[in-house]
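Below, each chain spelled out in residue letters.
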Amino acid sequence: MTEGHELCDGYTTWDGAYVLGALARDDRREYEEHLTGCDSCRSAVSKLAGLPGLLALVDPETALSIAAQEDPPDTVPPPPERLLPALADRALARRRRGRWWAIGGGVGGAGGGGGRAGRG
């Protein structure tokens, strides 16, 4: 089920199974009939449409190792030490570039417009 997808006549959880081809033939036909009149379910299916292609990129060994895990790990390893400072630096640089573009656009617009107005 995709996030933000409201309850919809009992079809709310069918989107993932439909995209992955896991619905029985009769259920698939029923859901396709439902899709013709339900924007919410069509939107949910379109959000998941690329999933089979992405899953196909996972090699069998990785898929089997993930499937063999019983529970997720109790702890998540911390991010690399430089990750947060590097992201903060990038955000600051982006903000500064945006300000310079805004200032440059304002100055360029003011300078270019004044010269034309005097030449009639």
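In this text, all values refer to a predicted model and were calculated from it rather than measured experimentally.

1. Considerations on the overall build of the protein chain
Thought 1: In terms of helices and strands, the protein chain carries six helices and zero strands.
Thought 2: In sequence order, the protein chain lays out its α and β elements as α-α-α-α-α-α.
Thought 3: Across the 120 residues that make up the protein chain, the buried fraction comes to 15%.
Thought 4: A separation of at least 24 residues holds for 46% of the contacts in the protein chain among residues at least 6 apart in sequence.
Thought 5: Accessible surface computed for the protein chain: about 9,900 Å², of which carbon and sulfur atoms make up 58%.

2. Focus on the pattern of salt bridges
Thought 1: Applying the stated criterion to the full structure yields three salt bridges.
Thought 2: The shortest N-O distance in the salt bridge between Glu32 and Arg28 comes to 3.7 Å. Of the two residues, Glu32 and Arg28 both sit in helix α2 (residues 25-35), four residues apart, roughly one turn of that helix.
Thought 3: A residue is classified by how much of its surface remains accessible, and Arg28, at 33% relative accessible area, is partly exposed.
Thought 4: Note that Asp89 and Arg82 form a salt bridge whose closest N and O atoms lie 3.7 Å from each other.
Thought 5: Overall, Asp89 belongs to the partly exposed group, its relative accessible area being 44%.

3. A short note on the nonpolar core
Thought 1: One finds Cys8, Tyr11, Trp14, Val19, Leu23, Tyr31, Leu35, Cys38, Cys41, Val45 and Leu48 forming the largest nonpolar core, which totals 11 residues.
Thought 2: Put simply, the parts of the chain that give this core at least two residues each are α1 (14-19), α2 and α3 (39-48).
Thought 3: In terms of residues, this core owes the most to one element, α3, which gives three residues.
Thought 4: Not counting residues within four places of it along the chain, the set of residues in contact with Tyr11 comprises Glu30, Tyr31, His34 and Cys41.

4. Digging into the packing of aromatic side chains
Thought 1: The full count for this structure, using the stated rule, is four aromatic pairs.
Thought 2: Members of the aromatic cluster, connected to one another through ring pairs, are Tyr11, Trp14, Tyr18 and Tyr31.

5. Remarks on a nonpolar patch on the surface
Thought 1: Together, Leu20, Leu51, Leu54, Leu55 and Leu57 make up an exposed nonpolar region whose accessible area comes to about 500 Å².
Thought 2: Residue Leu55 is classed as partly exposed on the basis of its relative accessible area, which comes to 48%.

6. Observations regarding the packing of α2 against α3
Thought 1: In contact at an axis separation of 8 Å, α2 and α3 are set at 115° when each is read in the N-to-C sense. Residues Tyr31, His34 and Leu35 of α2 lie in contact with α3, whose contacting residues are Cys41, Arg42 and Val45.
Thought 2: Partitioning the contact of α2 with α3 into residue classes produces four nonpolar, one polar and one charged.

7. As for the confidence of the model for the protein chain
Thought 1: With 74% of its residues at a pLDDT of 70 or more, the protein chain has an overall mean of 80.
Thought 2: The spread of mean pLDDT over the elements of the protein chain runs between helix α6 (residues 83-117), the lowest at 70, and α2, the highest at 95.

8. As for the side chain of His34
Thought 1: Relative to the helices and strands, His34 resides in helix α2.
Thought 2: Relative accessible area serves as the criterion here: at 12%, His34 is assigned to the buried category.

Procedures and definitions
- Residues numbered from 1 in each chain as written.
- Predicted model: local features only at pLDDT ≥ 70, side-chain atom pairs only at ≥ 80, totals over all residues.
- Heavy atoms only, no water.
- Helix = DSSP H or I, 4+ residues; strand = E, 2+ residues; numbered from the N terminus.
- Buried < 20%, exposed > 50% of the residue type's maximum accessible area, 1.4 Å probe, protein only.
- Contact = heavy atoms within 4.5 Å.
- Areas by Shrake-Rupley, 256 points an atom, 1.4 Å probe, with all protein chains shown as cover.
- Salt bridge = Lys/Arg side-chain N within 4 Å of Asp/Glu carboxyl O.
- Core = buried A, V, L, I, M, F, W, Y, C linked by side-chain atoms within 4.5 Å.
- Phe/Tyr/Trp six-rings, centres within 6.5 Å; stacked < 30°, edge-to-face > 60°.
- Patch = residues over 30% accessible without salt bridge, like charges linked within 9 Å, V, L, I, M, F, W, Y side chains within 5 Å.
- Axes fitted to C-alpha atoms, helices over the stretch in contact; angles between N-to-C directions.
- Nonpolar A, V, L, I, M, F, W, Y, C, P; charged D, E, K, R; others polar.
- pLDDT = per-residue confidence, 0-100.

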